[in-house]
Amino acid sequence: MENVTVNNAPGEPKSGGSGAIIGVIIIIILIVAGGWYFIGNRVEQVQEQKEAAKTLELSTGTSTEVGDIADDLKNLDVNSLNN
């Protein structure tokens, strides 16, 4: 009996495990909230791109004649293409 150790320290009370469950719920809520944030941000960007595409309307002809192409290039507003 020389190698037997006796633990006289009081044992830690066992919790019901509710702390771990609450932690998991909080993490899931944070992940869902982050997903909503990033999806909402992406939807906003797509809508802005659609709005920008609507405002850019170029009226160019479909003729392949050199004179018509030159006229189309003269009438083209280059500043509207930079947006």
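Scroll up a little and you will see the structure.
Residues numbered from 1 in each chain as written. Predicted model: local features only at pLDDT ≥ 70, side-chain atom pairs only at ≥ 80, totals over all residues. Heavy atoms only, no water.

**Q** Before we go on, may I ask you to explain the overall build of the chain in this structure?
**A** A tally of helices and strands in the chain yields 2 helices and 0 strands. Looking at the 83 residues of the chain, the share that counts as buried comes to 0%. A total of about 8,100 Å² of accessible surface is found on the chain, and carbon and sulfur atoms cover 59% of it. (Helix = DSSP H or I, 4+ residues; strand = E, 2+ residues; numbered from the N terminus. Buried < 20%, exposed > 50% of the residue type's maximum accessible area, 1.4 Å probe, protein only. Areas by Shrake-Rupley, 256 points an atom, 1.4 Å probe, with all protein chains shown as cover.)

**Q** Can you help me understand the packing of aromatic side chains in this one?
**A** Working definition: an aromatic ring pair is given by the centre-to-centre distance plus the angle between the planes. Enumeration over the complete set of coordinates arrives at 1 aromatic pair. Note on Tyr37 and Phe38: the rings are 5.2 Å apart at their centroids and 75° apart in plane angle, and the pair reads as edge-to-face. Both residues of the pair, Tyr37 and Phe38, count as exposed. (Phe/Tyr/Trp six-rings, centres within 6.5 Å; stacked < 30°, edge-to-face > 60°.)

**Q** Where do I start with a nonpolar patch on the surface in this structure?
**A** Together, Val24, Ile28, Val32 and Trp36 make up an exposed nonpolar region whose accessible area comes to about 430 Å². Along the chain, Trp36 falls in helix H1 (residues 18-55). (Patch = residues over 30% accessible without salt bridge, like charges linked within 9 Å, V, L, I, M, F, W, Y side chains within 5 Å. Salt bridge = Lys/Arg side-chain N within 4 Å of Asp/Glu carboxyl O.)

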